[in-house]
Amino acid sequence: MSTSDQTESNAKLLRLLVPINAKEDSRWGLQYALRRQRKGSRLEVILLHVGETITQWQVLRFRTQREIAQFQAERAQAFIEEASQFLTANNIPSRGLFKQGELVFSILDTAEELACDEIILPESRTWMSSLFACDVVSTVLHQQRGIPVVLVNDEGNIPKIARTLQ
């Protein structure tokens, strides 16, 4: 085994939490992971889909909480499988999780529970078109519990504006 092989095999595993949903910008973190891997990082990507608890009576009138949870879990599985295909094709280990609860705290709790090194969120020039509205990103940034939040663009790069927020 060469010295560079030993260094790479001894490198710390970097665990990235990438929250995903149906929007394209939630996949920007996958490009970031690919960039990190190409730079020599050993990675594991945690794909998280959060199904927020439904409390509107207009929905609950026609569906039970159990039916809603099953629907959300099925959607989560589809999103996770689609994102995993990209990672698998690029030899990046990943696993998917579905959690029900409040979005911000589900992200933060999962990152903490799984000892993630970074939370990857999409940066957007127009915050409202982003995966998460400005208040969600802002709350994650302020509540990060010591876990760095990395904002990335559609190419998986950290935009200049996002660097100043970190």
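Quick notes on the rules
- Residues numbered from 1 in each chain as written.
- Predicted model: local features only at pLDDT ≥ 70, side-chain atom pairs only at ≥ 80, totals over all residues.
- Heavy atoms only, no water.
- Helix = DSSP H or I, 4+ residues; strand = E, 2+ residues; numbered from the N terminus.
- Contact = heavy atoms within 4.5 Å.
- Core = buried A, V, L, I, M, F, W, Y, C linked by side-chain atoms within 4.5 Å.
- Buried < 20%, exposed > 50% of the residue type's maximum accessible area, 1.4 Å probe, protein only.
- pLDDT = per-residue confidence, 0-100.
- Salt bridge = Lys/Arg side-chain N within 4 Å of Asp/Glu carboxyl O.

A.B. asks: Summarise the side chain of S84; cite the residues concerned and give the values.
C.D. replies: With respect to the helices and strands, the residue S84 is situated in helix α4 (residues 65-89). Setting aside residues no more than four positions away along its own chain, S84 makes contact with L47 and S94.

A.B. asks: Kindly report on the nonpolar core, identifying the contributing residues and their values.
C.D. replies: Counting 20 residues, the largest nonpolar core has L16, V18, I20, V45, L47, I92 and I120 as the members making the most contacts within it. Taken together, the elements giving at least two residues each to this core come down to β1 (13-19), α2 (28-38), β2 (42-51), α4 and β5 (149-152). Non-local contacts of V18, meaning those with residues more than four positions away in its chain, are made with S26, G29, L30, V45, I46, L47, L48 and I120. Counting 16 residues, the second largest nonpolar core, distinct from the first, contains I46, V104, I107 and V149.

A.B. asks: Talk me through the confidence of the model for the protein; I want residue IDs and the actual numbers.
C.D. replies: Summary statistics for the protein give a mean pLDDT of 79 and a share of 69% for residues scoring 70 or more. Low pLDDT (under 50) marks residues 126-131, which in the prediction has 19 contacts with non-local residues, meaning those over four places away or in another chain. In this model, residues 162-166 is a region of pLDDT below 50 whose contacts with residues beyond four sequence positions or in other chains number eight contacts.

A.B. asks: If you had to explain the pattern of salt bridges to someone new, which residues and values would you point to?
C.D. replies: In total, this model carries six salt bridges according to the counting rule given. As a salt-bridge pair, D117 and K12 come within 2.8 Å of each other at their nearest N and O atoms. Placement of the pair is D117 in the loop between α5 (103-113) and β4 (118-122) and K12 in the loop between α1 (3-10) and β1, with a sequence separation of 105 residues. Judged by its relative accessible area of 22%, D117 falls in the partly exposed class. E118 serves as the salt-bridge partner of R36, at 3.1 Å between the closest nitrogen and oxygen. With a gap of 82 residues between them, R36 in helix α2 and E118 in strand β4 connect regions that are remote in the sequence.

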